[in-house]
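Observations on chain architecture
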Amino acid sequence: MIEDGKIIELFFRRSEQAIRELDEKYGKVCRKLSNNIVNDRQDAEECVNDAYLGAWNAIPPAEPSPLLTYICKIVRNISLKIYWRKEAAKRSSTYTIAMEEIEACIADPNTVETEIEARELALIIESFLDKLTAENRVIFVRRYWFSDSCKDIAEFVGLTEKNISVRLTRIRQKLKDYLAEREVFV
Amino acid sequence: MTPKKFSEAMSELDSKYVNEAINYKKKVRKPVWVKWGAAVACLSVIFIVGMFALRPNDSSLVSIGGIVRDYKDVHVVGSESAIVWPWEYKTIAEQYTTINLNGKEYYSGGRSVDASFVSEFVGTVDVMGYDDYTDQYHKITSEAYRIDGISEDHIVAVKLGEEFYTFKYNKYAPPANWGEVLDNYTPEQTLPLTQFAEYDGYEEKGYFRLNNDMYIWDVLNACRDAEFVEDDSWSESNSNRDYLSFTATSDALGIYKAVFNVTKDGYIWTNIFDYAYIFRIGREAADQIISYAVENGTESEAEPYNFSLAGTLTEIADGYILVDDTILCSNEKDGMTFKVYLNDLRISRCIDFGGIGVGDIVVVYFTGNIDIDAGNVVEGAFSLSKGTIYDGGVSVPE
């Protein structure tokens, strides 16, 4: 399969072959990621196509490396927009389930929360992730960034589904404590 | 904060975390049975080489359900497969696997429990099953009962057909300490600890049997305050631990050959609750258990997880199949034919649906003996799969 550098080169030459190569190499991952969020194949297909268009418009001048992470970020952002726009609650995607899991960990109805900026929260989550083992960090990111199912994560990291579900329970509890210590809610 | 805000924050994560999650390579894990001994064994593979004694002339003496066979230096790998059986080919325990009792979901592991363990009626329950082929749910109504010594908050017995099966509350909710385990499961009654293997790190020092485990439970019952240790990497940092590995089989708890380890540095490690639980009982208690077991244990033979035999499927008759092991024998004239009855759905479906036919190399898994007088009848056969013979070399399957 063609190297990332070659695909970027095609983008820079404004060759539409860039999109075909990008799709051939990473299309499957992108569709899966999108479908995890929107839970609708047609929507997922549209999100991925929009992401390709986004990449087409951004490269150049952008010269992303690694390319897969870059395209995944675009796919995720576009898919989330569709998710929230189109009756999120009825979608029942893995993303919905993952967000329900996390809700118990972050919502505190008894306090008046100060609005925290997403970037600020991201920094706190990053410092939390830095404290986890690499394996647990990957499990967390696969669940709450990629919205992978426990079964998919189990296959990916080579553990049982039950093990993944238990690890996630523990990590969420740790995150809850971590956020509470930093008074994220008050 | 809302999930949406959390999700937005996740979108802002530095790319390095996403890169890491994309490029992560799974660890090659040592099989559990390497770490924790023969009590937990590989389900899908039989090692024909080396179960008894290797002989110099490229052959091995192998015990097949107690019968010693002189086989070539080969091993047979059963292509055990997670076959998803159509609804009509599933046993009732495989069909109906979930109940909802008092708002909590319990799952069955398919293990039956003898009626003598079953006590008070707990309630009428809908038992749900899912058919993967038609994407449909099935439901029957049945009765749930308490199991002697075990809190119904954790495990109940549900009647399916004529038998009772254990259903466990599956949510991960570890106890704060060992005392909660004693209260919820009365392991002194429900979990015999009489068979064990001794390990120095990964080195296995032998298999032993105890006449009774009363002293061990006296020690364990005094460890009520032993705290639960939550540490995912505990067992991975384990190569230097010395420990006794007890075989944990209990109908009441719905477990078969799980492990209950006592380490010299003062821990209990067990997978009897589905997920690994660790308790810190302290060196003194661990030493009391280990010293007692070592002093009073008598040497015994290692027991495989299941028995298995392999050979060529030579005949599918009305009600049974014949498996001939000549192909494995050092001397072809020594071949034996084994008879496996098809009166168990778990065997007959392998022929009717599993695509196994005459001429195939097959592996038969069984729990009983081989009745020579009845014509080498394999008792307790519960699974049949195609096998592949590997000549020499060693392959360690995942």
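Further up the page is the structure itself.
The structure contained in this document is the topic of the report that follows.

Calculation criteria
- Residues numbered from 1 in each chain as written.
- Chains lettered and ligands numbered in written order.
- Predicted model: local features only at pLDDT ≥ 70, side-chain atom pairs only at ≥ 80, totals over all residues.
- Helix = DSSP H or I, 4+ residues; strand = E, 2+ residues; numbered from the N terminus.
- Buried ≥ 20, exposed ≤ 12 C-beta atoms within 10 Å, placed from the backbone.
- Contact = placed C-beta atoms within 7 Å.
- Pairing = 2+ DSSP bridges.
- Axes fitted to C-alpha atoms, helices over the stretch in contact; angles between N-to-C directions.
- Expected span 1.5 Å × (residues − 1).
- Nonpolar A, V, L, I, M, F, W, Y, C, P; charged D, E, K, R; others polar.
- Parallel < 35°, antiparallel > 145°, perpendicular 65-115°, else oblique.
- Left-handed = near helix turned anticlockwise from the far one by under 90°.

1. So, the overall build of chain B
The helix and strand inventory of chain B stands at nine helices and 25 strands. Taking all 398 residues of chain B together, the buried fraction comes to 33%. Taking as baseline every contact in chain B between residues at least 6 positions apart, the subset at least 24 positions apart corresponds to 62%.

2. Some points on the overall build of chain A
The helix and strand inventory of chain A stands at nine helices and zero strands. Secondary structure of chain A in N-to-C order comes out as α-α-α-α-α-α-α-α-α. For chain A, the proportion of its 186 residues judged to be buried stands at 35%.

3. So, the environment of A:R76
Within the secondary structure layout, A:R76 lies in helix α4 (residues 67–85). In this structure the C-alpha to C-alpha distance between A:R76 and A:A51, which are 25 residues apart in sequence, comes to 8.8 Å. The contacts of A:R76, once residues within four sequence positions are left out, are A:L33 and B:S11.

4. Observations concerning the sheet that holds strand β12 (residues 203–209) of chain B
All names here are of chain B. Reading across from one edge, β13-β17-β16-β15-β14-β11-β12-β18 is the order of the eight strands in this open sheet, with antiparallel pairing throughout. Edge positions in the sheet fall to β13 (227–228) and β18 (298–300), since each has one partner strand and no second. Here strand β16 (residues 267–270) pairs with strand β17 (residues 277–280) via four bridges, running antiparallel. Within β17, the residue paired with I268 across the bridge is F279. Strands β11 (195–200), β14 (242–250) and β15 (255–263) of the sheet are contacted by helix α8 (residues 283–296), whose axis makes an angle of about 115° with β15.

5. Brief notes about α4(A)
When the terminal C-alpha atoms of α4(A) are compared, their 27 Å separation across 19 residues agrees well with the 27 Å that a helix rising 1.5 Å per residue should span. Where the residues of α4(A) are buried, they touch α1 (4–12), α2 (17–38), α3 (41–58) and α5 (94–106) of chain A together with α1 (3–11) and α2 (15–23) of chain B.

6. Overview of helix α7 (residues 134–144) of chain A
For α7(A), the full list of buried residues reads A:V138, A:I139, A:F140, A:V141, A:R142, A:R143 and A:Y144. Contacts from the buried residues of α7(A) go to α5, α6 (118–131), α8 (150–157) and α9 (161–181) of chain A together with α1 and α2 of chain B.

7. A look at the interface of chain B and chain A
Between chain B and chain A, the residue contacts involve 30 residues of the former and 45 residues of the latter. For the side of chain B that touches chain A, the secondary-structure elements that each account for two or more residues are α1 and α2 of chain B. Top contributing element to the side of chain B that touches chain A by residue count: α1(B), with nine residues. Considering only residue class, the side of chain B that touches chain A consists of 13 nonpolar, five polar and 12 charged.

8. Some words on the packing of helix α7 (residues 214–221) of chain B against α8(B)
All names here are of chain B. Close contact between α7 and α8 brings their axes to 10 Å; oriented N to C, the two are set at 180°. When the interaxial angle is binned, α7 and α8 end up roughly antiparallel. In this structure, α7 contributes Y215, I216 and V219 to the contact, and α8 contributes A285, Q288, I289, Y292 and A293. The residue inventory of the contact of α7 with α8, partitioned by class, reads seven nonpolar, one polar and no charged.

9. Details of the pairing of β16(B)
On a regular strand, one side chain projects to one face of the sheet and the next to the other, so that they alternate. Residues and elements named next belong to chain B. Burial along β16 is two-sided: the face carrying Y267 and W269 and the face carrying I268 and T270 are both buried. Of the pairings in the sheet, the one linking β15 to β16 comprises four bridges and is antiparallel in character. Across the sheet, F260 pairs through a bridge with T270, a residue of β16. Linkage of β15 to β16, two consecutive antiparallel strands, is achieved through a turn of three residues, within which G266 is found at a positive phi near 100°.

10. Quick notes on the packing of α2(A) against α4(A)
Residue and element names in this part refer to chain A. It is at 9 Å that the axes of α2 and α4 come closest, and there the two elements cross at 35°. Between α2 and α4 lies a crossing of right-handed hand. Here α2 contributes L22, Y26, V29, C30, L33, S34, I37 and V38 to the contact with α4, which in turn contributes L68, I71, C72, V75, R76, S79, L80, I82 and Y83. A class-by-class count of the residues in the contact of α2 with α4 yields 14 nonpolar, two polar and one charged.

11. A short note on the sheet that holds strand β10 (residues 163–169) of chain B
Strands in a sheet are paired, the pairing made by backbone hydrogen bonds, and the direction either parallel or antiparallel. All names here are of chain B. Overall, antiparallel pairing links the six strands, which are arranged β5-β6-β10-β9-β8-β7 in a closed barrel. Within the sheet, the average angular offset between the axes of one strand and its neighbour, ignoring direction, is 40°. When strand β8 (residues 136–147) meets strand β9 (residues 155–160), the two strands line up antiparallel, connected through two bridges. Bridge pairing in β9 links Y145 to A157.

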